[in-house]
Amino acid sequence: MIESKKLNTRTPFLGCIADDVTGATDLAINLVQGGMRVVQMLGVPSGEAADQFRDVDAIVVALKTRSIPKENAIDQSIKSARWLQRVGVDRFFFKYCSTFDSTNHGNIGPVAEALMEELNVSQTIFCPAFPRAGRTVYRGHLFVGDQLLNESGMQNHPLNPMTDPNLVRFLTKQSTKNVGLLSADTIRTSSDACSDRLANLSCDGVSLVIADAGNDSDLATVADAVAPMRLVTGGSGLARFLPQAYRTAGDLKSSESTAEMPKVSGRSLILAGSCSIATNAQVQAMQPNCSTWFIDVPAIVADSQSELDRLKAWAMATERDATLMVASTSTPDVVAKLQKQFGAESVATKIESFLGAVAKMLVAQMNVRQLVLAGGETSGAIVGALGVHSLRIGPEICVGVPWTETIGHEPALALALKSGNFGSENFFLLALEMLS
Ligand SMILES: Nc1ncnc2c1ncn2[C@@H]1O[C@H](COP(=O)(O)OP(=O)(O)OP(=O)(O)O)[C@@H](O)[C@H]1O
Ligand SMILES: O=C(O)[C@@H](O)C(=O)CO
């Protein structure tokens, strides 16, 4: 018996596929806090894995697939899953946003179904709840703090406005398989009761199961119940409890996980492309502490190179060590106007690639080495422009946001990738003070 458990424990054990880069670092820090040694990769990984993952329990692959056409999202997710299988991982986790960011067409349902087929899985769980960040699910309805999802500000999201808080109904629209619920009543009975309920749902032909969760104790119970599943899907709230569940099941060895501060000195830069309520407040609160450039969106649509040149001249004229902040962050009325004028997708892409070019220029020419990025799509575009391929996870700045340090990137950079809605009003200052 002991012998077979020994054979079951392997490193890397868990392979994760995240649909955006801030979500990936959120997942990574939660796995580290759960006691796993984690490496984060950016983009679909390729090549053979050498010895580099021998001392790693989990690999987190950060994609940028949340808001792209679903065929493309499926393709990148499956390629990542195949690479993870080649590396030898045993269990898989598909990470999406704790606010279930998606549309009636996907990509959460379609990607999950494609992964199920690839991994030969007949049932999986959908557990976005992240109570420490205020996201809870009750009777299949998603709340942000005290508000239903569709009244939380997420109804104004620039790319995926969330207008239906009923996740069973919403996931059904995106999926081909039957959707059911693992309710709080069952979860609060026991993890065995959850396993029984999952088995009964499976007999009834239900393959996709939304899980309620109102607190960390619910998540720990769900984690115990889903530990045997080859594929689990959800937010980082559940992921925080999976390492212990795998250890209790005898599938994962205990290991020493560390989260060291990045040791990178140089100039600091904040780049904000999120238009969430939290980021709007954070950008406003940071202004007295830095030199700020607000992006003129019509001007970058017309001629982004001239705007980049203007921005460079502004940056050169700032005090030598001043923190710089460049933001497109706007209120919903301004966003709606710009989207009407230029098209939602096109304006988003222009802003993302402009911010990517700003980051590249300021790192290359102005000794910027410490970057705080706000927004998942935004961060994905910027790390892509910088050519960052993997990250070491450092200590947590606030729930779901760690400092990270680039691996194998010249020059080394300290990066904080903040999910749009995470962090208190003084997040940017807090983050930079941790480095000083
Ligand atoms: N002023 C603006 N008008 C229209 N679109 C904008 C504006 N500023 C930013 N955007 C776009 O809105 C999108 C914001 O998405 P992003 O993922 O970066 O933030 P978020 O959704 O708040 O964060 P997260 O995904 O981490 O929750 C980006 O594609 C960005 O380019
Ligand atoms: O789950 C969350 O809320 C975040 O990790 C995220 O994915 C936001 O982009």
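Since we're looking at a predicted model, the values are computed, not measured.

**Some points on the overall build of the protein**
Right, so step 1: A count of helices and strands for the protein gives 16 helices and 18 strands.
Right, so step 2: Its C-alpha atoms give the protein a radius of gyration of 21 Å, within 12% of the compact-globule value 22 Å for 436 residues.
Right, so step 3: On the principal axes, the C-alpha backbone points of the protein span a range of 65 × 45 × 35 Å.
Right, so step 4: Considering the protein as a whole, with its 436 residues, one finds that 51% of them fall into the buried category.

**Notes on unusual backbone geometry**
Right, so step 1: The omega torsion across G106 and N107 is 10°, close enough to zero to call that bond cis.
Right, so step 2: The residue N107 is located in the loop between β4 (91-95) and α4 (108-118) in this model.
Right, so step 3: Look at the link from E410 to P411: it is a cis peptide, with omega at 0°.
Right, so step 4: Mapped onto the elements of the fold, P411 is located in the loop between β17 (401-407) and β18 (414-418).
Right, so step 5: A positive phi is found at N367, a non-glycine position, where the angle reads about 60°.

**Remarks on the site of ligand 2**
Right, so step 1: Taken together, 13 residues lie near ligand 2, and G23, D26, S98, G376 and S419 sit nearest.
Right, so step 2: In terms of residue count, helix α2 (residues 21-33) provides more of the shell around ligand 2 than any other element does, 3 residues in total.
Right, so step 3: Shared between two domains, the shell around ligand 2 takes at least three residues from each, and those domains are domain 1 (2-248) and domain 2 (267-435).

**What about the environment of D196?**
Right, so step 1: Note that D196 resides in helix α7 (residues 191-203).
Right, so step 2: It is 9.5 Å that separates the C-alpha atoms of D196 and T186, two residues lying 10 residues apart in sequence.

**Describing the environment of D251**
Right, so step 1: Tracing the backbone shows D251 in the loop between α10 (242-248) and β12 (267-272).
Right, so step 2: Classification of D251 by C-beta neighbours within 10 Å gives partly exposed; the count is 18.
Right, so step 3: Residues D251 and R66, 185 residues apart in the sequence, show an inter-C-alpha distance of 31 Å.

**Overview of the UniProt feature "domain: Four-carbon acid sugar kinase nucleotide binding" (unreviewed entry) in the protein**
Right, so step 1: This chain's UniProt record puts "domain: Four-carbon acid sugar kinase nucleotide binding" (unreviewed entry) on residues 269-428.
Right, so step 2: Taken end to end, residues 269-428 is 48% helix and 25% strand, and its two terminal C-alpha atoms sit 10 Å from one another.

**Topic: the packing of helix α14 (residues 344-365) against helix α15 (residues 376-386)**
Right, so step 1: Close contact between α14 and α15 brings their axes to 8 Å; oriented N to C, the two are set at 45°. Looking at the two axes, α14 sits oblique to α15. Handedness of the α14/α15 crossing: right-handed. Here A348, E352, S353, L355, G356, A357, A359, K360 and V363 of α14 lie close against α15, whose contacting residues are E377, T378, A381, I382, G384, A385 and L386.
Right, so step 2: Taken together, the residues of the contact of α14 with α15 sort by class into 9 nonpolar, 4 polar and 3 charged.

**Concerning helix α16 (residues 427-435)**
Right, so step 1: Every buried residue of α16 is listed here: F427, F428, A431, L432 and L435. Looking straight down α16, one finds that the buried residues subtend no more than 125° of arc, so they occupy a single side.
Right, so step 2: The secondary structure elements touched by the buried residues of α16 are β12, α11 (277-286), β15 (368-374), β16 (390-398) and β18.

**Details of the site of ligand 1**
Right, so step 1: Lining the immediate environment of ligand 1, one finds 28 residues, of which S274, A348, G375, G376 and G420 sit closest.
Right, so step 2: Elements with a contribution of two residues or more to the shell around ligand 1: α13 (332-342), α14 and α15.
Right, so step 3: Split into classes, the residues belonging to the shell around ligand 1 amount to 11 nonpolar, 14 polar and 3 charged.
Right, so step 4: Each of domain 1 (2-248) and domain 2 (267-435) contributes no fewer than three residues to the shell around ligand 1.

**As for the pairing of strand β3 (residues 58-62)**
Right, so step 1: Within β3, 5 of the 5 residues are buried, leaving the element largely enclosed by the surrounding structure.
Right, so step 2: Of the two faces of β3, the one holding A58, V60 and A62 and the one holding I59 and V61 are both buried throughout.
Right, so step 3: The sheet contact formed by strand β1 (residues 14-18) and β3 spans 5 bridges and is parallel. From the neighbouring strand, C16 faces β3, where its bridge partner is V60.
Right, so step 4: Across 5 bridges, strand β2 (residues 38-42) lies against β3 in parallel orientation. Its bridge partner being in β3, V38 is matched across the sheet by A58.

**Quick word on the sheet that holds strand β7 (residues 141-144)**
Right, so step 1: In space, the 3 strands of this open sheet follow the order β6-β7-β8, with antiparallel pairing throughout. At either margin of the open sheet sits one strand with a lone partner, and together these are β6 (135-138) and β8 (147-148).

**A short note on helix α5 (residues 167-174)**
A turn of α-helix holds 3.6 residues, and therefore any two residues three or four places apart point the same way.
Right, so step 1: For α5, the full list of buried residues reads L167, F170, L171 and Q174. The buried residues of α5 occupy an angular sector of 95° when the element is viewed end-on, so they sit on one face.
Right, so step 2: Summarising the contacts, the buried residues of α5 are in contact with α4, β5 (124-127), β6, β7, β9 (178-182) and β10 (206-211).

**So, the confidence of the model for the protein**
Right, so step 1: Looking at the protein as a whole, the pLDDT averages 95, with 97% of positions reaching at least 70.
Right, so step 2: Low pLDDT, under 50, characterises residues 1-8; the predicted model gives this stretch 3 contacts beyond four residues in sequence or across chains.
Right, so step 3: The ipTM value of the predicted complex is 0.98, and its pTM value is 0.94.

**Overview of the nonpolar core**
Right, so step 1: If you look at the biggest cluster of nonpolar residues, it comprises 133 residues, and the most contacted ones within it are C16, V60, A211, V222 and L271.
Right, so step 2: The greatest single-element share of this core, amounting to 9 residues, is contributed by α14.
Right, so step 3: Each of domain 1 (2-248) and domain 2 (267-435) contributes no fewer than three residues to this core.
Right, so step 4: Setting aside residues up to four positions removed in sequence, C16 forms contacts with L27, A58, I59, V60, V61, F93 and K95.

So, how was this worked out
- Residues numbered from 1 in each chain as written.
- Chains lettered and ligands numbered in written order.
- Predicted model: local features only at pLDDT ≥ 70, side-chain atom pairs only at ≥ 80, totals over all residues.
- Helix = DSSP H or I, 4+ residues; strand = E, 2+ residues; numbered from the N terminus.
- Rg over C-alpha atoms; globule rule 2.2 N^0.38 Å.
- Buried ≥ 20, exposed ≤ 12 C-beta atoms within 10 Å, placed from the backbone.
- Near = placed C-beta within 6 Å.
- Domains from an automatic or database assignment.
- UniProt positions renumbered as here; feature names shortened; annotations may be inferred.
- Axes fitted to C-alpha atoms, helices over the stretch in contact; angles between N-to-C directions.
- Parallel < 35°, antiparallel > 145°, perpendicular 65-115°, else oblique.
- Left-handed = near helix turned anticlockwise from the far one by under 90°.
- Contact = placed C-beta atoms within 7 Å.
- Nonpolar A, V, L, I, M, F, W, Y, C, P; charged D, E, K, R; others polar.
- Arc of directions from axis to C-beta.
- Pairing = 2+ DSSP bridges.
- pLDDT = per-residue confidence, 0-100.
- Core = buried A, V, L, I, M, F, W, Y, C linked by C-beta atoms within 7 Å.

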